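Coordinate inspection notes
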Amino acid sequence: TFFARYAELSPESWHGPRGMEAASLAPKLLANPNLYQVEQARIFNSREDDMTPAFADHRASSLVFASSREDAVGKDKDRWTGFSHTSFFISYLDRAGNWSRPVLLDEGPVNTSVNEGAPSLNASATRMYFTRCQRSPDRDLGCRIFVSSRQGANWGEPQEVVLVADSALTVGHPAISPDELELFFVSDKPEGQGRLDIWVSRRRAPGDSFGPPENLGAVINTPGNEMFPYVHEDGSLYFASDGHPGLGGLDLFVSRRGPEGFSQPVNLGVPLNSTADDFGIVFYPGREQGFFTSNRQGSRGYDLYSFY
């Protein structure tokens, strides 16, 4: 195969062996779709990118997500992705079970003229962690994680969650654990396994500062990219990767937590995964149901999809 030939020509590269694994796995995944039903969540989607959903209250009756649609606050392009800046939008579930048309979460202090994305809320939905990618004309600024506390119906001034000292490093895609004592995130810190890795910082109490970042190691991280972590209420870690064998682009994976740490990640299979990018998953509390992001065939850019 192409990947076997590549492995012969470039034995130092991880792409050949990983490609051979993916080529072997993909037909099995396609031939054995799982029991999930997947549908485009049209009420949330626009002509632009709509991505990374998170429930914005403990009853899962409001959904916040990032979008670069026309109403977004920032009008510039993001230097990390090349796409238009995203802002947070929110939709509400009514008593009949219908979601409302999304509106801006706010026009400050959370949404700004720069890029906001990848939200994660604590179990009581009183604090929201998110990624903000700042700009500076005179120096390189990586993305950073911020947290905003809810004050009544409004969100307060976000504060940076300090995780790395080097301002040029990228830190983003926060995933706060249900007890708010662990913060999983993505970074290009040079001590990692690959390009973008998942790291975790821990603390003893929700009011404390987070401790030094720990890399999740070679079970989770690969020489490729591991991104968009999500901590399920049962402690499992869901994330997207282009380094573990999959169907192509970013695939969704799950790793169970046990006494020895996280287990070998399992590809979530078809139809949650496709040959395009699939990432940014969130589950309703207590249900095998939720939303995720994909740019699979039929999408307009990145769209939100529901699954059950």
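These figures come from a predicted structure and were not determined experimentally.

**Remarks on the sheet that holds strand β21 (residues 278-283)**
Spatial strand order, β1-β23-β22-β21: four strands in an open sheet with antiparallel pairing. The two strands at the open ends of the sheet, each matched to only one other strand, are β1 (38-40) and β21. For this sheet, the mean angle separating the axes of adjacent strands, direction not counted, is 30°. Across four bridges, the pairing between β21 and strand β22 (residues 290-294) is antiparallel. For F279, the partnering residue across the bridge sits in β22 and is T293.

**Digging into the packing of aromatic side chains**
Across all of its chains, the model carries 20 aromatic pairs by this definition. Judged by centre distance (4.9 Å) and plane angle (50°), the rings of Y238 and F283 are tilted. Placement of Y238 in strand β16 (residues 237-241) and of F283 in strand β21 is noted, with a sequence separation of 45 residues between them. Given the relative accessible area of 4%, Y238 is considered buried. With centroids separated by 5.9 Å and ring planes inclined at 45°, the aromatic side chains of Y284 and F291 adopt a geometry described as tilted.

**Topic: the pattern of salt bridges**
Tallied over the entire structure, the rule returns 12 salt bridges. Among the ionic pairs, R296 bridges to D278, the shortest N-O distance being 2.7 Å. With a gap of 18 residues between them, R296 in the loop between β22 and β23 (303-307) and D278 in strand β21 connect regions that are remote in the sequence. Taking the relative accessible area as the measure of exposure, R296 reaches 13% and is therefore buried. What makes D278 buried here is its relative accessible area of 0%. When salt bridges that share partners are traced, they join E182, R202, E214 and R257 into one network.

**Considerations on the side chain of E180**
Mapped onto the elements, E180 comes out in the loop between β11 (171-176) and β12 (182-187). When its relative accessible area of 5% is taken as the criterion, E180 is described as buried. In contact with E180, not counting residues within four places along its chain, are N122, R127, Y129, R203, P206 and F210.

**Points about the pairing of strand β8 (residues 143-151)**
Looking at chain direction, strand β7 (residues 127-133) and β8 are connected through seven bridges and run antiparallel. Within the sheet, the bridge partner assigned to R132 lies in β8 and is R144. Pairing of β8 with strand β10 (residues 159-160) involves two bridges; the strand directions are antiparallel. For F146, the partnering residue across the bridge sits in β10 and is E160. Pairing of β8 with strand β9 (residues 154-155), which is carried by two bridges, proceeds in the antiparallel orientation. Bridge assignment links R150 to a residue of β9, and that residue is W155.

Procedures and definitions
- Residues numbered from 1 in each chain as written.
- Predicted model: local features only at pLDDT ≥ 70, side-chain atom pairs only at ≥ 80, totals over all residues.
- Heavy atoms only, no water.
- Pairing = 2+ DSSP bridges.
- Helix = DSSP H or I, 4+ residues; strand = E, 2+ residues; numbered from the N terminus.
- Axes fitted to C-alpha atoms, helices over the stretch in contact; angles between N-to-C directions.
- Phe/Tyr/Trp six-rings, centres within 6.5 Å; stacked < 30°, edge-to-face > 60°.
- Buried < 20%, exposed > 50% of the residue type's maximum accessible area, 1.4 Å probe, protein only.
- Salt bridge = Lys/Arg side-chain N within 4 Å of Asp/Glu carboxyl O.
- Contact = heavy atoms within 4.5 Å.

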